[in-house]
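Summary of structural features
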Amino acid sequence: MTNGERMDVDLPQTVAEVTAAFAGYEEALVSDDHESITGYFWTSPDTVRFGIADRQAGIEEIRDWRRQQPPFPPGRKLFDTRISTFGTDYAVVTTLFAYPGGNAVGRQTQSWTRFPVGWRIVSAHVSEVPDDTSRPGA
C-alpha cells in the first residue's frame, strides 16, 4: 500500500461470509429460484449485469430478465473459483463454469458489497469462450 495505508485482504471471517453468500446464489441459480437469485443483487437502479448476449441496468431489469430465462441445463460445474476480499465490506468472486457436453467454458465475475441487509452483488459479468480443455476432466 502507498502512503502507509493498510488494507486487510482475505480476512478469514469475511472470506467465509462471502463464500456462503456465493454458495447460496449458486444454489438459487441451479435450482431456478428467480426470487432468491435476484435477492442476492443490490436493490438499486445502479446495479449492472452483463450476460453472454444480454445486459441489464438496474435491479428491475435484472428481475424482469431473470423471470424470462429458462432453467439452466443440468450438471453445471464450477471450477477455479476465487474469492478475494478487501477489508470487511467488499469482495470479488470469479469462477469458471461448464456444462456436460458443452463446447464452451463460462467465465463469471461478481463484485459483492456488504450492506446492512447482508452481502449483495453490485456488478456481475458473464461470458463464454470456446472450450480450451483447461477445465478439470476435459
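Residues numbered from 1 in each chain as written. Predicted model: local features only at pLDDT ≥ 70, side-chain atom pairs only at ≥ 80, totals over all residues. Heavy atoms only, no water.

Focus on the nonpolar core
Counting 17 residues, the largest nonpolar core has Tyr25, Phe41 and Trp112 as the members making the most contacts within it. Breaking this core down by element, the ones donating at least two residues are helix H1 (12–30), helix H3 (59–68), strand E4 (90–98) and strand E6 (118–130). At six residues, H1 tops the list of elements feeding residues into this core. When sequence neighbours within four positions are dropped, the list of residues in contact with Phe41 reads Tyr25, Thr47, Arg49, Ile59, Ile62, Arg120, Ile121 and Ala124. (Core = buried A, V, L, I, M, F, W, Y, C linked by side-chain atoms within 4.5 Å. Buried < 20%, exposed > 50% of the residue type's maximum accessible area, 1.4 Å probe, protein only. Helix = DSSP H or I, 4+ residues; strand = E, 2+ residues; numbered from the N terminus. Contact = heavy atoms within 4.5 Å.)

Details of the pairing of strand E3 (residues 77–86)
Examined bridge by bridge, E3 and E4 share eight bridges and lie antiparallel to one another. Its bridge partner being in E4, Ser84 is matched across the sheet by Val92. Between E3 and E4, which pair antiparallel in sequence order, lie three residues; one of them, Gly87, sits at a positive phi of approximately 70 degrees. (Pairing = 2+ DSSP bridges.)

Quick look at H1
For H1, with 19 residues, the first-to-last C-alpha span of 27 Å sits near the 27 Å given by 1.5 Å per residue. Inspection of H1 places Thr14, Val18, Ala21, Phe22, Gly24, Tyr25, Glu26, Ala28 and Leu29 among the buried residues, and these make up the whole buried set. (Expected span 1.5 Å × (residues − 1).)

With respect to the side chain of Thr38
Mapped onto the elements of the fold, Thr38 is located in helix H2 (residues 34–39). Thr38 gets classed as buried once you look at its relative accessible area, which sits at 4%. The contacts of Thr38, once residues within four sequence positions are left out, are Ile59, Ile62, Arg63 and Arg66.

A few points about a nonpolar patch on the surface
There is a patch of nonpolar side chains on the surface, built from Met7, Val9, Phe86 and Tyr90 and spanning about 320 Å² of accessible area. Examined against the element boundaries, Tyr90 turns out to sit in strand E4. (Patch = residues over 30% accessible without salt bridge, like charges linked within 9 Å, V, L, I, M, F, W, Y side chains within 5 Å. Areas by Shrake-Rupley, 256 points an atom, 1.4 Å probe, with all protein chains shown as cover. Salt bridge = Lys/Arg side-chain N within 4 Å of Asp/Glu carboxyl O.)

Description of the layout of surface pockets
The computed volume of the largest pocket comes to approximately 340 Å³. Along its surface, the largest pocket is lined by 22 residues, and Arg49, Ile52, Trp65, Phe72 and Val126 are the ones closest to its centre. Counting only elements with at least two residues in the lining of the largest pocket, the list comes to H1, H3, strand E5 (104–115) and E6. No other element matches the three residues that E6 contributes to the lining of the largest pocket. (1 Å grid on protein atoms, 1.4 Å probe; cavity = no way out; pocket = protein on both sides within 12 Å on 5 of 7 lines; lining within 4 Å. Points joined across faces, edges and corners; volume = space filled by probe spheres on them.)

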